[in-house]
Amino acid sequence: MAIEDRPKPDQSDQQNQHQQQERGQEQQPQEQGSGLWSALRPLLLRLHFYAGVLIAPFLLVAAVSGLLYSLSFQAEKIVYAHELEVPAGGAALPLSEQIDAARAAHPEGTVTEVWPAPAENRTTRVLLSTPDVPDDRSLAVFVNPYDAEVRGELTSYGSSGALPLRTWVDELHRDLHLGEFGRNYSELTASWLWVVALGGLALWFGRRRTRRRDLVVPAKGQAKGRTRTLNRHGALGLCAVLGLVALSATGLTWSQHAGGNIGELKAQLGGATPVVDATLAGGTPSGGGHEGHGGSASGQTHGRDDSHSDSHSGGHGGGHGSADIGVDRALEIARGQGIDGGQLAVTLPVDGQGYVVKETDAQLPVHLDSVAVDPTDGKVVDEVAFADYPLLAKLTRFGIDAHMGVFLGLPNQLALAALMVATVLLIVWGYRMWWLRRPTKGRALSFGRPLPRGAWRKAPPLLLVPLAAATAAVGWFVPLLGLSLLVFLVLDVGIGRLARARRANSSD
């Protein structure tokens with residue numbers, strides 16, 4: 001993913017000699033072929049240059065914040081160890097008693113969901129909606145499953161139950177803490193990341209080499225300077241390109257503008273994620289939520305009624321106005337249906353809805369099955385097995401969970417961290433190459449220049465027409481990509497006209 005251009009001739013004698021040596025080292029692998037590639041390469045170079053210079057700052061912010069996010073999972077375990085961990089005891093108390101303890105600690109709240117302790121040394125997490133907590137978050141009360149001691153409470157967000165530390169980093173990565181307006185930054189980044197990555201891949205493979213190993217291992221013995229930086233940039237980009245494209249694609253799925261288009265396309269292709277329906281007779285159908293940051297672990301969300309009372313009969317659901325089998329019985333019935341993974345979430349009933357018990361273990365082997373149970377008689381209302389998901393829905397689930405660092409747990413998080421470090425290096429090396437191409441003679445401060453304009457005029461119509469049509473289609477489907485590309489073109493035309501005017505004035 002190199003930002004390439006020919007060195008300028010107006011250098012000092014010593015630097016010019018050094019750059020001529022570099023040019024001699026690069027000339028052989030950079031010989032341009034004929035035909036389609038010779039016409040396409042200048043266009044890719046110019047696009048890669050503009051994207052590298054103008055979009056790279058956004059990519060750098062996304063990479064640094066993404067690195068912090070990937071490390072926040074383990075940091076959370078340390079910072080919130082008191083709330084998350086307990087000494088392993090004997091038999092756990094009934095889940096209803098643990099819910100009672102959380103409700104007693106916060107009588108102003110309404111219990112909406114409970115996560116039974118996933119391991120012998122972990123606490124049960126009871127989620128409540130309270131007047132002081134925003135609607136897109138819950139108050140998580142951590143209860144010792146052996147004696148119902150309340151270990152603490154923290155604000156919880158998202159399908160993975162992000163606590164305040166990870167939530168803060170997640171919002172930094174997603175919108176820079178600027179709300180809906182800030183989401184444009186992350187969507188712009190995701191929109192261009194795949195273009196920069198694939199364009200750089202094409203440029204890197206388009207260089208002629210005497211040895212294939214030079215694709216992935218920078219040649220030794222090169223002089224310091226642009227050539228060595230270019231080879232490092234390209235070799236590392238080749239190793240990272242698949243991960244970068246995957247991050248771009250999954251990031252776009254929950255973006256403001258392109259996300260809707262992607263959702264519609266996925267639905268038309270039969271890849272919509274199935275959602276368990278907990279609607280009881282005469283109730284309001286439950287809606288599905290979008291996967292991703294803040295979504296449900298199994299691709300669904302369940303409405304909650306903050307106004308319903310805490311009164312209950314025989315259980316802890318309340319709000320349905322009749323007998324309740326209780327949360328423990330609902331969980332027992334769900335386990336009998338095969339919902340027996342180590343990580344579970346139980347959504348309590350609201351008006352017209354039953355219990356929903358779902359597996360939330362996104363690590364291999366994946367456990368994301370779910371069932372809905374009628375709170376009056378314990379009948380299974382609906383069930384959805386992950387094995388029955390359409391292939392496209394499964395791939396979407398895997399991709400989004402990998403983007404969020406929960407698919408494979410710690411290995412996933414370490415891979416994300418390595419990918420973010422690689423992205424930072426690629427950006428730094430790209431800017432360094434731009435800096436090394438700057439003219440130094442007679443100027444105190446200057447920057448490298450892009451390739452000469454007019455490359456598109458040399459492209460044959462058989463290439464230019466379909467390329468323009470494809471660009472327009474992609475720009476419509478990914479709106480921020482199309483708008484920013486249009487801005488690039490306007491900027492480029494303006495700079496070109498200004499340069500011509502200066503040359504005309506200097507010649508007079």
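Residues numbered from 1 in each chain as written. Predicted model: local features only at pLDDT ≥ 70, side-chain atom pairs only at ≥ 80, totals over all residues. Heavy atoms only, no water.

Chemist: Where do I start with the overall build of the chain in this structure?
Modeler: Scanning the chain for helices and strands turns up 13 helices and eight strands. Across the 508 residues of the chain, 48% fall into the buried class. Taking all contacts inside the chain whose residues are at least 6 apart in sequence as the whole, residues at least 24 apart take part in 67%. Roughly 24000 Å² of accessible area belongs to the chain as shown, and the carbon and sulfur atoms make up 60% of that amount. (Helix = DSSP H or I, 4+ residues; strand = E, 2+ residues; numbered from the N terminus. Buried < 20%, exposed > 50% of the residue type's maximum accessible area, 1.4 Å probe, protein only. Contact = heavy atoms within 4.5 Å. Areas by Shrake-Rupley, 256 points an atom, 1.4 Å probe, with all protein chains shown as cover.)

Chemist: Hey, could you run me through the packing of aromatic side chains in this one?
Modeler: Aromatic rings in a pair are described by how distant their centres are and how their planes are angled relative to each other. The tally for this structure, following the rule as stated, stands at ten aromatic pairs. Ring centres of Phe49 and Trp434 lie 6.2 Å apart, and the angle between their planes is 75°; on these two criteria the pair is classed as edge-to-face. Of this pair, Phe49 sits in helix α2 (residues 36–79) while Trp434 sits in helix α11 (residues 410–436); the two residues are 385 residues apart in sequence, bridging distant segments of the chain. With respect to class, Phe49 is no different from Trp434; both count as buried. Through pairs of rings, three or more aromatic residues link up here, namely Phe49, Tyr50, Trp192, Tyr431, Trp434 and Phe488. The ring of Tyr157 carries Arg137 above its face, with NZ or CZ at 4.7 Å from the centroid. The ring of Phe386 carries the charged tip of Lys394 above its face, separated from the ring centre by 5.9 Å. (Phe/Tyr/Trp six-rings, centres within 6.5 Å; stacked < 30°, edge-to-face > 60°. Lys NZ or Arg CZ within 6 Å of the ring centre and 35° of its normal.)

Chemist: Could you clarify how one ought to interpret the nonpolar core in this entry?
Modeler: In globular proteins that are soluble, nonpolar side chains generally tend to be buried together. Among the nonpolar cores identified, the biggest contains 32 residues, and Ile55, Trp192, Leu244, Leu247 and Leu419 are the most heavily contacted of them. Those elements giving two or more residues to this core turn out to be α2, α6 (183–206), α7 (226–253), α11 and α13 (479–507). In terms of residue count, the dominant contributor to this core is α2 (eight residues). Here Ile55 is in contact with Tyr50, Leu188, Trp192 and Phe488, once residues within four sequence places are set aside. Counting 26 residues, the second-largest nonpolar core is a separate cluster that includes Ala101, Ala102, Val111 and Val373. (Core = buried A, V, L, I, M, F, W, Y, C linked by side-chain atoms within 4.5 Å.)

Chemist: How do you make sense of the environment of Thr123 when you look at a structure like this?
Modeler: Within the secondary structure, Thr123 sits in the loop between β1 (110–115) and β2 (124–129). Placed 22 residues apart in sequence, Thr123 and Pro145 show a C-alpha to C-alpha distance of 6.1 Å. Sequence-distant contacts of Thr123, that is, excluding residues within four places in its chain, are made with Glu83, Leu84, Glu85, Val86, Ala117, Pro118, Phe142, Val143, Pro145 and Arg151.

Chemist: So what exactly am I meant to see when it comes to the UniProt feature "transmembrane region" (unreviewed entry) in the chain here?
Modeler: UniProt tags residues 47–69, 188–206, 234–254, 414–434 and 480–499 as "transmembrane region" (unreviewed entry). Its end C-alpha atoms 30 Å apart, residues 47–69 is made of 100% helix and 0% strand. (UniProt positions renumbered as here; feature names shortened; annotations may be inferred.)

Chemist: Even after reading the chapter, I still don't get the pairing of β2, so can you show me in this structure?
Modeler: Two faces belong to every sheet, and in a regular strand the side chains alternate between them. The element β2 is extensively covered by neighbouring structure, given that six of its six residues are classed as buried. The two faces of β2 match: Thr124, Val126 and Leu128 on one face and Arg125, Leu127 and Ser129 on the other face are all buried. Of the strand pairs in this sheet, β1 and β2 are connected by five bridges, and their pairing is antiparallel. What sits directly across from Val111, in β2, is Leu128. Where β2 meets strand β3 (residues 138–143), five bridges bridge the pair, whose relative direction is antiparallel. Bridging from a neighbouring strand, Leu127 pairs with Ala140 of β3. (Pairing = 2+ DSSP bridges.)

Chemist: Would you take a moment to explain unusual backbone geometry for this structure?
Modeler: Glycine aside, negative phi is the norm for most residues, and most peptide bonds take the trans geometry. Cis geometry is adopted by the peptide bond preceding Pro365, which originates at Leu364 and carries an omega value of -10°. Positionally, Pro365 belongs in the loop between β6 (355–359) and β7 (370–373). Positive phi outside glycine occurs at Leu176, with the angle close to 55°. Looking at where Leu176 falls in the secondary structure, it is placed in the loop between α5 (164–175) and α6. For Leu176, a relative accessible area of 30% puts it in the partly exposed group. Residue His177 is not a glycine yet carries a positive backbone phi of 60°. Counting through the fold element by element, His177 comes out in the loop between α5 and α6.

Chemist: Help me understand the pattern of salt bridges in this model?
Modeler: Pairing between side chains of opposite charge can happen when their charged atoms approach one another. Evaluation of the coordinates by the stated rule reveals ten salt bridges. Residues Arg329 and Glu332 are paired through a salt bridge, measuring 3.3 Å at the closest nitrogen-oxygen approach. With Arg329 and Glu332 both in helix α9 (residues 327–336) and three residues apart, this pair spans about one turn of that helix. Through salt bridges that share partners, Asp136, Arg137 and Glu171 make up one connected network. (Salt bridge = Lys/Arg side-chain N within 4 Å of Asp/Glu carboxyl O.)

Chemist: Help me out: how do you make sense of the sheet that holds strand β4 (residues 150–156) in this one?
Modeler: By definition, the strands of a sheet pair up through backbone hydrogen bonds, in either a parallel or an antiparallel sense. The strand order across the open sheet built from eight strands is β4-β3-β2-β1-β5-β6-β7-β8, with neighbouring strands paired in antiparallel fashion. Looking at strand neighbours, the two that pair on one side only are β4 and β8 (380–384), the edges of this open sheet. Recorded for the sheet is a direction-independent mean angle of 20° between the axes of neighbouring strands. Strands β1, β5 (344–347), β6, β7 and β8 of the sheet are contacted by α9, whose axis makes an angle of about 50° with β6. (Axes fitted to C-alpha atoms, helices over the stretch in contact; angles between N-to-C directions.)

Chemist: Got a minute to help me understand empty space enclosed by the protein in this structure?
Modeler: Evaluated as defined, the whole model comprises four cavities of 30 Å³ or more. In this model, the largest cavity occupies a volume close to 420 Å³. Every residue lining the largest cavity is counted, 26 residues in all, and those nearest its centre are Ala62, His173, Leu247, Gly251 and His403. At the level of elements, α2, α5, α6, α7 and α11 are the ones that each hand at least two residues to the lining of the largest cavity. With seven residues, the single largest contributor to the lining of the largest cavity is α6. Broken down by class, the residue content of the lining of the largest cavity amounts to twelve nonpolar, eleven polar and three charged. (1 Å grid on protein atoms, 1.4 Å probe; cavity = no way out; pocket = protein on both sides within 12 Å on 5 of 7 lines; lining within 4 Å. Points joined across faces, edges and corners; volume = space filled by probe spheres on them. Nonpolar A, V, L, I, M, F, W, Y, C, P; charged D, E, K, R; others polar.)

Chemist: Before we go on, may I ask you to explain the packing of α7 against helix α10 (residues 391–403) in this structure?
Modeler: Two numbers describe a pair of packed helices, the interaxial angle and the distance between the axes. Viewed as axis vectors pointing N to C, α7 and α10 meet at an angle of 100°, and their least axial separation amounts to 9 Å. In terms of their interaxial angle, α7 and α10 are classed as roughly perpendicular. Contacts between α7 and α10 involve Leu247, Thr250, Gly251 and Thr253 on the former and, on the latter, Gly399, Ile400 and His403. (Parallel < 35°, antiparallel > 145°, perpendicular 65-115°, else oblique.)

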